[in-house]
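# Coordinate analysis (summary)
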Amino acid sequence: MSEQKYFLIKQLALETGVSIDTIRFYEKKKLIQPSFRADNNYRYYGEETFKRLIFIKRCRALDMSLNEIENLIKLEQNPAESCQMVNQLIDQHIVQVSEKIKELQNFKKQLKQLRSSCNETSRIDNCQILKQLENGKP
């Protein structure tokens, strides 16, 4: 059997690319936990915490909320259950992403309209982009 590897928070941050503050935040949210505290009061994190942190990082990269991640972690605790709830959560997230894409496309359209209202030869005091933004009309 291989020996368990433990990380101090700084090592965990370096190995995962997750900041120390974020690791502490996830710990406060009870998404991760240290394996133990040494006599010097340092927290030591095991390989399971390392794997969980990578899991959370990947979920965040997919723009999943902490609530969604927490639900996935809870589902993961029941390995014999059906994947139906996991699939449902991901399907809901796909809908959210699709809505966000529509919103971003609308922002892009508005920004293009703003950009087309001003040419480079105008002076700042006559910039139509700034005037439209001040008047609340993109």
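Here, the structure is the one placed above.
Quick summary incoming for the structure in this document. (Residues numbered from 1 in each chain as written. Predicted model: local features only at pLDDT ≥ 70, side-chain atom pairs only at ≥ 80, totals over all residues. Heavy atoms only, no water.)

All right, on to the side chain of glutamate 27 then. Mapping glutamate 27 onto the fold places it in helix 2 (residues 20-28). Accessibility expressed as a relative area gives 15% for glutamate 27, which makes it buried. (Helix = DSSP H or I, 4+ residues; strand = E, 2+ residues; numbered from the N terminus. Buried < 20%, exposed > 50% of the residue type's maximum accessible area, 1.4 Å probe, protein only.)

Two numbers describe how helix 1 (residues 9-16) lies on helix 3 (residues 47-61): the axes approach to 11 Å, and their chain directions differ by 45°. One element, helix 1, and the other, helix 3, form an angle in the oblique class. Crossing of helix 1 over helix 3 shows right-handed handedness. In this structure, helix 1 contributes Leu12, Glu15 and Thr16 to the contact, and helix 3 contributes Thr49, Phe50, Leu53, Ile54 and Lys57. (Axes fitted to C-alpha atoms, helices over the stretch in contact; angles between N-to-C directions. Parallel < 35°, antiparallel > 145°, perpendicular 65-115°, else oblique. Left-handed = near helix turned anticlockwise from the far one by under 90°. Contact = heavy atoms within 4.5 Å.)

This brings us to the packing of aromatic side chains. The relative placement of two aromatic rings is captured by the distance of their centres and the angle of their planes. All told, the structure shown has 4 aromatic pairs when counted by the stated rule. Judged by centre distance (5.1 Å) and plane angle (10°), the rings of phenylalanine 36 and tyrosine 44 are stacked. (Phe/Tyr/Trp six-rings, centres within 6.5 Å; stacked < 30°, edge-to-face > 60°.)

Below, the discussion takes up helix 2. Every buried residue of helix 2 is accounted for by Ile23, Tyr26 and Glu27. Viewed along the axis of helix 2, the buried residues span an arc of 105°, placing them on a single side of the element. Along helix 2, the residues that are exposed and aim more than 90 degrees away from the buried face are Asp21 and Lys28. Buried residues along helix 2 sit in contact with helix 1, strand 2 (43-44), helix 3 and helix 4 (66-76). Just past helix 2, the residue lysine 30 takes up positive phi, approximately 65°. (Arc of directions from axis to C-beta.)

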